[in-house]
Structures are given as C-alpha cells and as structure tokens.
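The chain contents come next:
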Amino acid sequence: RHYNYTAMSFFLLLFMQMVFFRYYPVETPPEWRDFGESNTLSVRFMKFVQSYDDNTNCFPSMHVSVATLVALHMWTNVGDMVGYWPFLFPVLIALSALWTKQHYLVDVIAGAPLGWLAWFESSAQSIMRNTPANAETPPPSRALFIAIVHPTRVVLLPSVSASPPPSLRAEFCR
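Residues numbered from 1 in each chain as written. Predicted model: local features only at pLDDT ≥ 70, side-chain atom pairs only at ≥ 80, totals over all residues. Heavy atoms only, no water.

Another aspect to go through is the overall build of the chain. Scanning the chain from N- to C-terminus turns up 7 helices and 0 strands. Helices (α) and strands (β) of the chain occur, in sequence order from the N terminus, as α-α-α-α-α-α-α. Considering the chain as a whole, with its 174 residues, one finds that 37% of them fall into the buried category. Restricting to contacts in the chain with at least 6 residues of sequence separation, those with at least 24 account for 72%. Carbon and sulfur atoms make up 69% of the accessible area of the chain, which totals about 10,600 Å². (Helix = DSSP H or I, 4+ residues; strand = E, 2+ residues; numbered from the N terminus. Buried < 20%, exposed > 50% of the residue type's maximum accessible area, 1.4 Å probe, protein only. Contact = heavy atoms within 4.5 Å. Areas by Shrake-Rupley, 256 points an atom, 1.4 Å probe, with all protein chains shown as cover.)

Structure (structure tokens):
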C-alpha cells in the first residue's frame, strides 16, 4: 500500500508540472544556452543534450522537484539510517541545473515546493487511510490539510506534536 502512495506522489508531481508547462510556458532564450566558440567534449555533449530538450519546459524545474520528492521519500522511509543527507541531492541537482544553463534561479526555487507538495499530499493520504480512529493524531499541519481537503472523512483532531508519533511513523513506513 505504501508503494502505491509513493508511486502516486510521482504521478501527482508529473501532473502538476504538466499544468505549469501547459498554462504557464516559460522559454529559455537561445543566448542563455550559448557556450561561445568553445568546442570541447563537454560543450559538444551539452549541445547534444540540449538539442533534444525543449526549451519551453523551464518553470518549475522538474529536476529539482523530482529530486526533492525523492529526498523527502528517502527521509520519511529511511531517515533513521541516513539522517538529513538525502536533502543534499536536490541541492546538488539545483546547482547542476544552474551550472549547465538548464534553468534560471527562480525555476529551481519553484521546483522544490512542488516536490514537497506532492510528497505532502501522499503522506496526508497515507496517514489518513492508515490511522485508526483512536490512534494518536498527526502533526497539526497535516491534520489541518486533511480537514480542508477531506472534511467528510476526518476523524483526527489537531495535535501539538512537531512530528508524527512513532506508532504513526511505523505505520506509514510499511
């Protein structure tokens, strides 16, 4: 069941990205990707990659949003073993996307919240569907989110805890 929530978070993210690309197209100008007269192997490779990359799919950065979603899922599922190291992944991807002139700074900054939103929705759905009515409640932000989006299905009351109780975390990570 947890696999389904994780997979659906990636489909939700893809859907949100396509909405942006369809209704808010942002194009990278050709001069932004100009490498000058250099003809090194790396420049030739970048030109090859960019020849297959549509320059209208810039905002928000899919690179960063997917990396953020992966990092959040890793942190949620194996955070006890890896700590906060997974969050280095979206940072490195963002720096790489800027360095290779695939995105502007605003593109990478907008990509991270989009990845978080997809993770947040899948986490809220998982907690809501896997929590018995008499269990401890999730953090206030999740409970509030569930109450707003699914008002007829809420059996949870807001909590003052900052993170899910261990019983919920164990249930979520199955």
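Counting across every chain of the model gives 6 aromatic pairs. A cation over an aromatic ring shows up here: R22 above the ring of Y23, its NZ or CZ 5.4 Å from the ring centre. (Phe/Tyr/Trp six-rings, centres within 6.5 Å; stacked < 30°, edge-to-face > 60°. Lys NZ or Arg CZ within 6 Å of the ring centre and 35° of its normal.)

Taken N-terminus to C-terminus, the directions of helix 1 (residues 2-23) and helix 3 (residues 62-82) make an angle of 160°; their axes are 11 Å apart at the nearest point. Between helix 1 and helix 3, the crossing angle belongs to the class labelled roughly antiparallel. Crossing hand, helix 1 versus helix 3: right-handed. The residues of helix 3 that touch helix 1, namely those facing H2, T6, S9, F10, L13, L14, Q17, M18 and F21, are M62, S65, V66, L69, V70, H73 and N77. Here the residues of the contact of helix 1 with helix 3 are counted per class, giving 9 nonpolar, 7 polar and no charged. (Axes fitted to C-alpha atoms, helices over the stretch in contact; angles between N-to-C directions. Parallel < 35°, antiparallel > 145°, perpendicular 65-115°, else oblique. Left-handed = near helix turned anticlockwise from the far one by under 90°. Nonpolar A, V, L, I, M, F, W, Y, C, P; charged D, E, K, R; others polar.)

This part covers the packing of helix 3 against helix 4 (residues 88-99). Interhelical geometry of helix 3 versus helix 4 gives an angle of 170° and a closest axis separation of 8 Å. Comparing their axes, helix 4 and helix 3 come out roughly antiparallel. Here helix 3 contributes H63, V64, A67, T68, V70 and A71 to the contact with helix 4, which in turn contributes F89, P90, I93 and A94. Among the residues forming the contact of helix 3 with helix 4, the class breakdown is 8 nonpolar, 2 polar and no charged.

An ideal rise of 1.5 Å per residue puts 30 Å on 21 residues; helix 3 reaches only 24 Å between its terminal C-alpha atoms. At T76, helix 3 is deflected by roughly 65°, the largest bend along its length. Measuring from the backbone nitrogen of H63 back to the side-chain oxygen at the start of helix 3 gives 3.3 Å, which picks out S61 as the cap. Once helix 3 finishes, G83 follows within two positions and takes phi at roughly 65°, a positive value. (Expected span 1.5 Å × (residues − 1). Bend = angle between axes of the 7 residues up to and from the residue. Polar contact = N/O pair within 3.5 Å; in protein donor to acceptor, adjacent residues only side chain to side chain.)

Once that is clear, we can look at helix 1. The end-to-end C-alpha distance of helix 1 is 32 Å, a good match for the 32 Å that 22 residues give at a rise of 1.5 Å each. The set of residues buried in helix 1 consists of H2, Y5, T6, S9, L13, M16, Q17 and F21. Down the axis of helix 1, the buried side of the element spans an arc of 160°, and every buried residue falls inside it. Within helix 1, the exposed residues directed more than 90 degrees away from the buried face are Y3, F11, F15, R22 and Y23. (Arc of directions from axis to C-beta.)

Take the nonpolar core next. In this structure, L13, M16, L69, L72, L114, A118, W119 and F120 together form the largest nonpolar core, which totals 8 residues. Listing elements by their share of this core, those giving two or more residues are helix 1, helix 3 and helix 5 (105-130). The greatest single-element share of this core, amounting to 4 residues, is contributed by helix 5. (Core = buried A, V, L, I, M, F, W, Y, C linked by side-chain atoms within 4.5 Å.)

Keep in mind that these numbers describe shape and distance, not what the molecule does.
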